[in-house]
Each structure stands twice: as C-alpha cells, then as structure tokens.
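# Chain and residue survey
Read off the chains here:
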Amino acid sequence: MTAFCLLQISLVLLCITKISTQDCNILPLLHNKMIQSNLHLLNKMGQQFPEQCQSEKIHFKFPEQFLKLRQKENAKVEIQEILQLIFYIFTKNLTLAAWDGRSLERFQNGLNQQIEHLEACLTEKMEKKQPYSRSEEIIRLKLKKYFQKIDNFLKDKQYSLCSWEIIRVEMRRCLQFIDKVIGRLRN
C-alpha cells in the first residue's frame, strides 16, 4: 500500500514538473500576451491624460540599454525585477488617482501572475543562470535608479492625480520596452 502511494505521488510530481517545464518553454509567448493585456488595462484604468497635467509632464528616461541584454536568463531576471518594481509602484498611495478600481485590481493581479510565473521558471533554471557582465550590472543599476526616480517623483508630488497620470504613461512606456525584450527572447 505504501509503495502504491509513493508511486502515485511520484507520478503527480513528474507531471507537475513536466507541465511547469512546458510552461517555461512558452514563456515569451505567454508573457507577450500578458504584457498586451496589462497595457490594455493601463489604458482602460484612466481616462485621457488630463489637460491640467500637461505642464507637469516629465520624462524619466527608461534605460534603453536594457534592450541589449545578451543572456536570456539574465533578461528574464531583469523582466521579473522590473515587473516587481512596477507592482510596488502601483501599491502606493493611490487615493488621489481617479482610476477605475476594477481595472487597477486586474492590472495588479496580472502583474502578480507574471511575477509568480517568472519566479517559478527562474527558480527551476537558476543553476543555468549566467553571471552578469559588467555592462549588464550597469544596466541593473540604471533600472533601479530609474524606478527610484519614479518613486521620489510620486512622493515629491504627494501622490497627486497628475503625478499618477504621468506615472501611468511612463509605465505604459516601460511595459512596451519589456515587450520588445520579450520579442527578442522569442528569436
């Protein structure tokens, strides 16, 4: 009886591992669809960019060197890190953001699903991860600086309606850059 139970458990674990591996193999396609969905939700979440916010527009300058990451596993790690930072930004003080609550919640859930999926795939392949080159390490630092600048901007503007609208536009740009990287991973 015990041997039969162990056999069943082993088969279930084998199937889960196989399914997980297959999901990781379709990662670029899956995440491309998730990014498109998140972009749609970002658009749906708010209205058009408010007139009164036009004078406050600021460009945060996304580190485009991110697009040049050479190692696929390192690019996946960076995508996961960026998604976590976006998720962190969208869990801040949102009381002044005049957004559709349901779309915001779906956006946060979509980001969380992507993060968890990437985490599972990366944990599975961590032993294969290539060490970061000096240029890739510089890219990582620039990405962190970019998100710190966004966080500081929100704090300085006291999480105002205009600051959130500016960040919503910037996060759209950020997700579009991720989409480009994911497209490169498919090749």
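Within each chain, residues carry numbers counting from 1 in the order of the written sequence. Note on the predicted model: pLDDT of at least 70 is required for a residue's local features to be given, and 80 or more for side-chain atom pairs to be given and counted; whole-chain, interface and lining totals, by contrast, use all residues. Working from all heavy atoms in the structure, the side-chain values ignore hydrogens and water.

## A look at the state of the cysteines
We call a pair of cysteine sulfur atoms a disulfide whenever their separation is within 2.5 Å. For the structure shown, the criterion picks out one disulfide. Between the sulfur of Cys 53 and that of Cys 162 lies a disulfide, 2.0 Å long from S to S. Between Cys 53 and Cys 162, the disulfide has an S-S torsion of -80° and is therefore left-handed. Taken together, the residues Cys 53 in the loop between α2 (27-45) and α3 (72-89) and Cys 162 in helix α6 (residues 161-186) connect sequence positions 109 residues apart. Comparing Cys 53 with Cys 162 shows no difference in burial state: the two are buried. Helical segments are the DSSP runs of H or I of at least four residues, strand segments are the runs of E of at least two, and each set is numbered from the N terminus. Buried, partly exposed and exposed residues are distinguished by accessible area as a fraction of the type maximum, computed with a 1.4 Å probe on protein chains only: under 20%, between the cut-offs, and over 50%, respectively.

## Quick look at the pattern of salt bridges
Salt bridge, as used here, is a side-chain nitrogen of Lys or Arg placed within 4 Å of a carboxyl oxygen of Asp or Glu. For the coordinates displayed, the defined rule picks out eight salt bridges. In this structure, Lys 92 and Asp 151 form a salt bridge, with 3.1 Å as the shortest nitrogen-oxygen distance. With a gap of 59 residues between them, Lys 92 in the loop between α3 and α4 (101-125) and Asp 151 in helix α5 (residues 134-156) connect regions that are remote in the sequence. Across the pair, exposure class does not vary: Lys 92 and Asp 151 are buried alike.

## Section: the packing of aromatic side chains
A pair of Phe, Tyr and Trp rings is counted when the ring centres sit within 6.5 Å of each other, with Trp represented by its six-membered ring. The angle between the planes then sorts it: under 30 degrees is stacked, over 60 is edge-to-face, the rest tilted. As enumerated under the stated definition, the model contains nine aromatic pairs in all. A connected cluster of aromatic rings, assembled from ring pairs, spans Phe 90, Trp 99, Phe 107, Tyr 159 and Trp 164.

## A few points about the nonpolar core
By size, the foremost hydrophobic cluster in this structure holds 45 residues, and its most contacted members are Ile 86, Phe 90, Trp 164 and Ile 178. Mapped onto this core, the elements with two or more residues apiece are α2, α3, α4, α5 and α6. The element contributing the most residues to this core is α6, with twelve residues. It only takes one pair of heavy atoms within 4.5 Å for two residues to be counted as in contact. Ignoring sequence-local partners within four residues, the contact set of Trp 164 consists of Ile 89, Phe 90, Lys 92, Asn 93, Leu 94, Ala 97, Trp 99, Leu 154 and Tyr 159. We define a nonpolar core as any set of buried Ala, Val, Leu, Ile, Met, Phe, Trp, Tyr and Cys residues linked to one another through side-chain atoms lying within 4.5 Å.

## A short note on the confidence of the model for the chain
Close inspection of predicted coordinates is inappropriate in any region flagged by low pLDDT. What pLDDT conveys is the predictor's confidence in a given residue, as a value from 0 to 100. The pLDDT averaged across the chain works out to 77; a share of 74% of its residues lies at or above 70. Low pLDDT, under 50, characterises residues 2-22; the predicted model gives this stretch two contacts beyond four residues in sequence or across chains.

## Here's the deal with the layout of surface pockets
Using a probe with the size of a water molecule, rolled over the atoms, empty space left in the structure can be pinpointed. Its volume calculated, the largest pocket comes out at about 180 Å³. Lining the largest pocket are Phe 60, Lys 61, Phe 62, Pro 63, Glu 64, Gln 65, Lys 142, Lys 145, Tyr 146 and Lys 149. Under this grouping Gly is polar, as are all residues other than the nonpolar Ala, Val, Leu, Ile, Met, Phe, Trp, Tyr, Cys and Pro and the charged Asp, Glu, Lys and Arg. For the lining of the largest pocket, a count of residues per class yields four nonpolar, one polar and five charged. Residues are said to line a cavity or pocket when one of their atoms sits within 4 Å of a point; the points come from a 1 Å grid over protein atoms alone, cavities being sets where a 1.4 Å probe fits but cannot get out and pockets being open sets with protein on both sides within 12 Å along at least five of seven lines. Grid points are joined across faces, edges and corners, and a volume is the space filled by probe spheres set on the points.

## Side note on the side chain of Arg 168
Mapped onto the elements of the fold, Arg 168 is located in helix α6. Assessed through its relative accessible area of 2%, Arg 168 is described here as buried. Engagement of the side chain of Arg 168 in a polar contact is seen with the backbone oxygen of Gln 47, the distance being 2.7 Å. Between N or O atoms, a polar contact is any pair within 3.5 Å; within protein, one atom must be a potential hydrogen donor and the other a potential acceptor, and residues adjacent in sequence are included only when both atoms are from side chains.

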